[in-house]
There are 2 protein chains.
Amino acid sequence: MVKQIDAIMKPKSIAVIGASTKPKTIGSEIMQRLRDYKFNGNIYPVNPKGGIIEGFQAYTSINEVPGEVDLAVIVVNAKFVLDTIDQCHEKGIKGICIITAGFKETGKEGAELEKQLLEKIRSYGMRCVGPNCLGVLNTDDNIRMDATFAESLPVKGDIGFVSQSGALGGGILNILKDLNLGFAQFVSIGNQADINAETMLEYWENDDEVKQILLYMESIQNPANFRKLASRITKKKPILALKAGRSAAGASAASSHTGSLAGADKAADALLKQSGVIREFSLKNLFSNAKAFSNCPIPQGNRVAIITNSGGPGIMATDAVCESGMQMAKLSDATKDKLRSFLPAAASVKNPVDMIASAPIEHYKQTLETVIADENVDMIAVIYLPFLGLADIDVAEALMEIKAKNPQKPILGVFMTKSEFFTKIANMNVNMPFYMYAEEAAEAMTRLDRQRQWMNRPEGKFPVYDVDRAKAAEVIKKSLSEGRAQLTTLESIDVLNAYGIRACKYGLATNVDEAANVANNIGYPVVMKITSKTISHKTDVGGVIVGIQSEEHLRQEYAALIERLKERNILDGLEGVIVQEMVKGNREMVCGIATDPQYGPMMMFGLGGVFIETMKDVTFRIAPLSDVDAEEMIKSVKAYELLKGARGTTPAQIDQIQETLLRLSQLVTDFPFIDELDINPLLISEKTGEGIAVDGRIKVRMNEAQEKLGSCCDCCSCNG
Amino acid sequence: MVKQIDAIMKPKSIAVIGASTKPKTIGSEIMQRLRDYKFNGNIYPVNPKGGIIEGFQAYTSINEVPGEVDLAVIVVNAKFVLDTIDQCHEKGIKGICIITAGFKETGKEGAELEKQLLEKIRSYGMRCVGPNCLGVLNTDDNIRMDATFAESLPVKGDIGFVSQSGALGGGILNILKDLNLGFAQFVSIGNQADINAETMLEYWENDDEVKQILLYMESIQNPANFRKLASRITKKKPILALKAGRSAAGASAASSHTGSLAGADKAADALLKQSGVIREFSLKNLFSNAKAFSNCPIPQGNRVAIITNSGGPGIMATDAVCESGMQMAKLSDATKDKLRSFLPAAASVKNPVDMIASAPIEHYKQTLETVIADENVDMIAVIYLPFLGLADIDVAEALMEIKAKNPQKPILGVFMTKSEFFTKIANMNVNMPFYMYAEEAAEAMTRLDRQRQWMNRPEGKFPVYDVDRAKAAEVIKKSLSEGRAQLTTLESIDVLNAYGIRACKYGLATNVDEAANVANNIGYPVVMKITSKTISHKTDVGGVIVGIQSEEHLRQEYAALIERLKERNILDGLEGVIVQEMVKGNREMVCGIATDPQYGPMMMFGLGGVFIETMKDVTFRIAPLSDVDAEEMIKSVKAYELLKGARGTTPAQIDQIQETLLRLSQLVTDFPFIDELDINPLLISEKTGEGIAVDGRIKVRMNEAQEKLGSCCDCCSCNG
């Protein structure tokens with residue numbers, strides 16, 4: 001694969017098919033930019049009229065081009081694209097970038113055209129960017145390819161950028177130039193008929209020129225593959241993603257945009273989290289935080305020191321650091337003594353270190369050096385506010401000098417100064433990021449810290465438990481055979497039991513001796529409920545008896561029950577009684593499975609009972625879950641505090657709850673046609689701390705289930 | 001008051017006492033800026049050496065100054081300040097601005113000096129800005145006073161700005177100049193010995209030059225006064241405030257900064273909310289949102305239309321609008337038809353309106369005009385991304401032209417273009433705000449909408465209920481007389497009862513007939529608990545009996561109870577039994593009172609029971625509460641959904657709960673020495689929907705309570 005993508009991203013020769021001399025057309029702009037950015041290879045414009053285009057000899061067809069061609073950039077009208085692809089194939093071209101619009105994004109006909117296009121691409125062994133895109137670029141000095149039609153020429157840097165929106169890509173190129181955020185490579189994937197974000201992730205995995213990857217996505221094409229790739233690559237280099245189409249309204253805008261299916265945001269969020277991708281919610285933050293990754297090492301911890309020449313911004317920075325969940329570093333006594341030795345008496349040598357307004361450059365340098373040396377400090381934000389005659393740029397240069405000698409810790413500048421400063425900085429070779437506001441620096445530090453946490457996070461295992469898969473299949477088949485997509489509560493509990501999930505114990509009994517037997521096996525207290533073909537409201541006839549404490553008590557209650565039914569003349573329909581374990585506990589959690597049309601089965605965990613919808617204290621992850629995923633789910637909800645055993649309650653068995661989630665994950669992996677599964681409540685037993693499924697509800701997708709289970713042999717132990 | 005502050009903010013003559021010829025000193029910088037900004041009156045430098053300073057004749061003392069002086073700007077060393085004030089008094093000067101540092105912020109001695117300073121100021125009938133500040137400015141063409149020492153000269157505009165941090169003020173002046181955000185007036189209040197934010201609020205209330213007020217605060221000096229003023233003024237013009245020192249660590253930095261006491265953030269947040277002040281959490285947002293108020297009318301609603309030439313940013317804007325709680329406008333069919341008549345087929349005429357990348361300026365104009373005319377639209381964000389040959393500034397000018405003809409609705413520009421555009425715009429006379437990112441525009445629209453909501457919010461009444469104040473005083477006095485700051489549960493309930501707060505009914509009984517009587521009065525079911533001098537763990541001896549259903553049942557249980565105690569030989573200490581109403585309900589709310597050392601009594605309401613600390617679903621307001629405050633409290637917590645009667649529960653009596661909060665507010669207003677009051681749970685009766693105080697806990701501040709109640713006559717109906 002790499003070779004064909006090399007043909008696109010690192011070509012030695014480019015043909016621009018549809019190159020033009022007409023100004024303000026894409027065919028002219030692309031030629032200009034290839035020329036202006038000084039592409040390091042041959043440029044062959046192709047235009048039926050021939051002639052000279054932007055100083056290059058034009059050819060009337062691609063076949064006439066004299067040399068080998070690695071990449072064909074296609075800007076001809078959509079109706080000519082298929083023929084052009086044929087011609088490219090004849091010429092032996094493997095790399096294609098189709099700028100031309102008029103495909104899937106325009107409706108049914110366009111989608112059909114795109115399908116034919118993709119078939120050709122595949123059959124010819126080509127790889128293709130687009131259609132409907134802004135182009136590609138690579139700033140490597142040996143390549144220098146700008147095959148886009150954005151306004152600005154790119155700045156060289158370490159970012160690999162994938163944009164799903166073409167026009168946005170152009171805006172991004174402008175903005176990043178202003179921010180001095182440089183690209184290594186940029187790909188506008190457009191309709192992503194062939195090459196998509198996943199292709200580029202894999203391509204950049206071992207490319208040392210790309211040190212961080214930025215994604216603008218409106219959809220994720222193959223979530224499982226994305227997860228596999230991203231969770232591996234994020235261990236080596238950060239991936240920051242802006243996934244748009246979060247709101248229902250936004251998602252509907254997405255589907256009318258590049259014709260992509262909008263993913264449910266909960267699922268996308270879970271997927272990105274599990275993949276170690278840092279999700280950003282605005283372009284501003286995406287760029288602001290990328291700036292930190294470009295100029296900072298990954299820190300060793302989250303203890304932040306702040307150095308300032310003005311109290312107010314020091315307070316604001318402290319607020320931002322604390323609110324983001326990082327810690328204010330506790331400076332050592334040695335550090336404080338040293339600071340005190342040169343700072344004036346009015347200065348504060350505690351963190352935030354306030355050097356006071358009159359601090360000269362020398363104080364900035366000495367203070368920073370002293371604070372860097374403190375072992376209790378992992379990251380440092382240095383704040384500058386203008387004060388009589390102290391020039392911002394001089395302070396910045398002094399800081400960068402210290403930073404150059406101390407590359408091991410992230411140092412961020414907060415310069416509340418004129419925008420001219422940032423323009424100046426944008427044209428310099430900086431070794432640390434500079435921000436206008438303390439909050440931006442604090443946010444960037446949280447991202448550095450999150451990357452640290454992810455890199456330290458254990459890989460995670462996908463345990464396989466010894467379960468009774470055949471039994472579960474049998475229960476589901478029975479329900480299917482009766483035409484029910486929705487399993488009964490007892491069937492659901494049987495399935496959970498088959499997968500070793502601790503569910504409320506129960507048994508059916510048709511007489512008092514059987515009932516006593518069941519109850520004795522379960523252990524007291526128990527609940528006894530009638531099951532009858534004729535009685536629908538059990539409680540109305542006293543058909544539910546709770547708190548049965550002993551066999552004797554059970555026998556009394558059973559007799560009394562029969563008597564009541566006899567009196568009312570409704571004994572006939574009685575099939576028996578269900579004797580059920582009575583679980584005591586007042587902490588109701590919930591766990592379950594939901595299916596997202598695009599992302600597949602998704603696990604949920606959180607606070608259950610009446611609070612589910614009100615408090616929304618739940619979290620989602622895509623199945624299958626690793627043990628680390630399951631642990632993080634449990635610890636990420638607020639109700640985790642309740643599980644730990646607040647206010648004298650029994651601490652919950654966190655391990656057992658974690659196993660419950662993992663077993664559920666195994667269940668839905670084995671039976672992927674499970675559409676919904678709810679365990680609500682998962683009651684935390686006050687006696688043992690176990691999470692016990694008191695109620696269960698499973699629904700399958702009928703057709704899919706029948707297809708899979710129907711072909712199954714009777715023993716039900718196959719993979720179906 | 002206005003007159004003396006006029007002397008400071010609108011002086012006809014200024015003396016700079018401590019003016020200097022030495023470069024890079026404050027005494028020189030202030031003179032330069034007064035000159036450079038072309039102050040519209042007389043400038044009198046005062047320096048013992050005399051001579052010429054920045055082209056003005058200097059005087060060796062203030063007495064020598066020939067004309068009248070309105071404002072004295074003092075930059076002499078702190079030790080000379082008191083004498084200088086005396087001299088200013090002799091000269092008849094009423095307006096003082098002390099730049100000099102070395103007062104309260106430096107410790108005890110400085111605080112003493114500041115105290116003496118304030119005494120002088122007061123006794124001389126002067127008003128004073130500072131000490132330890134950056135100065136004051138007024139951009140009115142008739143005044144043109146820049147008496148600060150910031151880097152940049154100010155831009156004229158409509159903002160009144162109060163900054164509590166001097167150095168920060170300097171940074172702010174720089175930044176605002178870059179953003180083209182103009183000031184009407186700016187005051188750096190420094191240590192706010194005399195003039196503080198409240199003074200300036202009142203001063204600007206009816207000043208037509210000041211159309212919005214921005215505050216940077218680290219503390220609020222007189223919260224009650226601030227609330228009174230701000231809640232009145234915000235009905236006329238927006239107040240945006242950044243209150244720093246939110247985190248515990250930030251607050252500790254605050255107290256070491258300008259020597260001010262840091263307020264607890266919960267209280268500050270409540271106060272700002274109740275006062276209609278728009279709270280911002282970063283300078284960036286403060287400025288970004290002020291830009292909208294400078295250039296937009298207050299909208300009629302929260303329905304937003306988005307116009308874009310690029311799908312991606314349209315989606316991002318939609319996400320931002322929906323997530324911020326605003327609505328995406330539903331364009332009328334007429335609007336859609338009209339848009340369809342001129343936009344290309346590939347365009348989307350639903351909101352967000354995507355004109356597609358190739359949209360010419362004419363489409364921007366026609367689309368904007370069409371959308372403005374739609375009655376379903378309250379606010380409009382117009383997005384521009386660069387596309388072949390369409391110049392950003394031309395689009396901006398076209399939009400401003402339409403805006404000029406249609407001033408009634410807010411229109412915001414989102415221009416994802418080069419920073420040069422913003423530099424250009426900063427030097428133009430714009431009539432709409434321009435942002436780089438969609439999220440910034442969305443946030444600004446939420447602020448406009450919040451101001452609309454506040455202006456439409458009813459004033460709110462402070463109802464006074466008919467309560468038994470004497471009874472409450474009596475109960476508290478009894479507790480005090482026994483040396484207890486903490487009232488017993490029953491005493492607490494008595495106090496609540498005296499204030500008409502629906503508490504769990506109860507009665508004491510010393511024999512079975514009395515117990516039956518009490519129970520009959522309360523109504524069944526009831527709970528019976530022993531009260532004994534010798535038994536501390538009531539439940540261990542079966543001393544708590546729940547679910548008593550009738551008098552007969554009660555008599556049985558009473559007899560059995562006495563029997564049990566006799567058997568155990570512990571009947572002797574028995575004082576009697578408490579018979580208590582048994583309230584059934586599974587919704588536990590909490591309400592109460594906490595006292596903030598700076599902001600005074602603060603009311604709390606939210607989800608109670610075991611969830612208080614885990615879910616933190618509670619809200620705070622400063623007492624006294626208006627009826628609107630109380631209503632907003634109830635509706636602002638997530639648990640409000642539970643109160644409304646989710647999942648088949650009885651809807652709670654919202655009015656009655658509101659009244660409970662208002663009566664509590666009256667209670668703490670009458671007895672301001674109540675330090676803490678907890679009603680947890682306030683159980684929602686499943687039968688009636690009432691909120692019933694099942695438990696109560698009141699704690700008073702001993703000394704304060706004794707002082708107030710001790711002097712009280714026996715009848716306890718006085719105001720003590």
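Residues numbered from 1 in each chain as written. Chains lettered and ligands numbered in written order. Predicted model: local features only at pLDDT ≥ 70, side-chain atom pairs only at ≥ 80, totals over all residues.

Draft legend 1. How the structure looks around the overall build of chain A. Within chain A, the secondary structure is distributed over 25 helices and 30 strands. Projected onto its principal axes, the C-alpha positions of chain A cover 100 × 80 × 35 Å. By residue count, 53% of the 720 residues in chain A fall in the buried class. Of the contacts made within chain A by residues no fewer than 6 positions apart, 72% connect residues no fewer than 24 positions apart. (Helix = DSSP H or I, 4+ residues; strand = E, 2+ residues; numbered from the N terminus. Buried ≥ 20, exposed ≤ 12 C-beta atoms within 10 Å, placed from the backbone. Contact = placed C-beta atoms within 7 Å.)

Draft legend 2. Representation of the relation of the copies chain B and chain A. Between the two copies, chain B and chain A, the superposition gives an RMSD of 0.2 Å; the rotation angle is 180° and the shift along the axis is 0.0 Å. Taken together, the rotation and translation relating the two chain copies correspond to the operation of a two-fold axis. Relative to the rotation axis, the C-alpha of B:Met615 is the closest in chain B, positioned 3.9 Å from it. Comparing interface residues between copies, 99% of those in chain B also lie at the interface in chain A; the contact surface is shared. (Least-squares fit on C-alpha atoms with pLDDT ≥ 70 in both.)

Draft legend 3. Local environment of the sheet that holds strand E7 (residues 127–129) of chain B. Residues and elements named next belong to chain B. In space, the five strands of this open sheet follow the order E2-E1-E5-E6-E7, with parallel pairing throughout. Of all the strands in the sheet, the pair left with one neighbour each is strand E2 (42–46) and E7. With strand direction ignored, the average angle separating the axes of adjacent strands in the sheet is 20°. Here strand E5 (residues 71–74) pairs with strand E6 (residues 95–98) via four bridges, running parallel. Paired with valine 73 across the two strands is cysteine 97, which belongs to E6. This element, helix H2 (residues 26–36), spans strand E1 (13–17), E2 and E5 of the sheet and lies at about 160° to E1. (Pairing = 2+ DSSP bridges. Axes fitted to C-alpha atoms, helices over the stretch in contact; angles between N-to-C directions.)

Draft legend 4. Up close: the sheet that holds strand E7 (residues 127–129) of chain A. Residues and elements named next belong to chain A. As summarised here, the arrangement of the five strands in space is E2-E1-E5-E6-E7, forming an open sheet in which the pairing is parallel. What marks the edges here is a single partner per strand, and that holds for strand E2 (42–46) and E7. This sheet shows a mean twist of 20° between the axes of neighbouring strands, independent of strand direction. Strand direction decides the pairing type here: strand E1 (residues 13–17) and E2, joined by five bridges, are parallel. Bridge pairing in E2 places isoleucine 14 opposite isoleucine 43. Here helix H2 (residues 26–36) sits on the sheet in contact with E1, E2 and strand E5 (71–74), set at roughly 160° to E1.

Draft legend 5. How the structure looks around the pairing of strand E12 (residues 212–217) of chain B. Residues and elements named next belong to chain B. Counted residue by residue, E12 has six buried out of six residues, so it is predominantly covered. Strand direction decides the pairing type here: strand E10 (residues 156–163) and E12, joined by five bridges, are parallel. The partner of isoleucine 159 across the bridge, within E12, is glutamine 212. Sheet topology places E12 next to strand E13 (residues 239–243); five bridges connect them, and they run parallel.

Draft legend 6. Here's a closer look at the interface of chain B and chain A. Facing 68 residues of chain B, the contacting portion of chain A comprises 67 residues. Looking at the side of chain B that touches chain A, the elements that each hand over two or more residues are helix H5 (166–179), helix H8 (248–255), helix H10 (283–295), helix H11 (311–323), helix H21 (611–615) and helix H23 (640–643) of chain B. By residue number, the principal contributor to the side of chain B that touches chain A is H11(B), which donates 10 residues.

Draft legend 7. How the structure looks around the packing of helix H11 (residues 311–323) of chain A against helix H16 (residues 438–456) of chain A. Residues and elements named next belong to chain A. Relative orientation of the contacting elements H11 and H16 amounts to 30°, with a least axis distance of 9 Å. The orientation of H11 with respect to H16, classified from their angle, is roughly parallel. Relative to H16, the crossing made by H11 is right-handed. Judged by residue contacts, Pro313, Met316, Ala317, Ala320 and Val321 of H11 engage Ala438, Glu439 and Ala442 from H16. In the contact of H11 with H16, the residues fall into seven nonpolar, no polar and one charged. (Parallel < 35°, antiparallel > 145°, perpendicular 65-115°, else oblique. Left-handed = near helix turned anticlockwise from the far one by under 90°. Nonpolar A, V, L, I, M, F, W, Y, C, P; charged D, E, K, R; others polar.)

Draft legend 8. Expanded view of H2(A). Residues and elements named next belong to chain A. Counting buried residues in H2 gives eight out of 11 residues, a clear majority hidden from the surface. Every buried residue belonging to H2 is among Ile26, Gly27, Ser28, Glu29, Ile30, Met31, Arg33 and Leu34, and all of these are buried. In this structure, the buried side of H2 is in contact with E1, E2, strand E3 (52–53), E5, strand E8 (135–138) and strand E9 (145–148). Where H2 ends, the next residue or the one after it, lysine 38, has phi of about 65°, a positive value.

Draft legend 9. Inspection of the domain arrangement of chain A at higher detail. Per the domain assignment, the segments of chain A are domain 1 (2–292), domain 2 (297–456), domain 3 (469–581) and domain 4 (587–710). Placing the centre of domain 2 of chain A and that of domain 3 of chain A at their C-alpha centroids yields a distance of 67 Å. (Domains from an automatic or database assignment.)

Draft legend 10. Spatial organisation of the pairing of strand E19 (residues 411–415) of chain B. Residue and element names in this part refer to chain B. In terms of residue burial, E19 counts as a mostly covered element, since five of its five residues are buried. Relative to E19, strand E18 (residues 379–384) runs parallel, the two being bridged by five bridges. Considered in E19, the bridge of tyrosine 384 is made with phenylalanine 415. Remark: the E18/helix H14 (residues 392–405)/E19 crossover connection has right-handed handedness. As judged from the two bridges shared by E19 and strand E20 (residues 434–435), these two strands associate in the parallel manner. The partner of glycine 413 across the bridge, within E20, is phenylalanine 434. In terms of handedness, the path from E19 via helix H15 (residues 419–426) over to E20 forms a crossover that is right-handed. (Right-handed = clockwise from strand over helix to strand, strands pointing away.)

Draft legend 11. Molecular detail of helix H4 (residues 108–123) of chain A. Residue and element names in this part refer to chain A. With 16 residues, H4 extends 23 Å between its outermost C-alpha atoms, agreeing within 8% with the 22 Å of an ideal straight helix rising 1.5 Å per residue. Listing the buried residues of H4 in full gives Gly110, Glu114, Leu117 and Ile121. One face of H4 carries all of its buried residues, which in axial projection span an arc of 60°. Residues Lys108, Glu109, Glu112, Gln116, Glu119, Arg122 and Ser123 are exposed on H4 and point more than 90 degrees away from its buried face. Against helix H3 (81–91), strand E6 (95–98) and E7 lie the buried residues of H4. Of the residues flanking the end of H4, it is glycine 125, one or two places downstream, whose phi is positive at about 70°. (Expected span 1.5 Å × (residues − 1). Arc of directions from axis to C-beta.)

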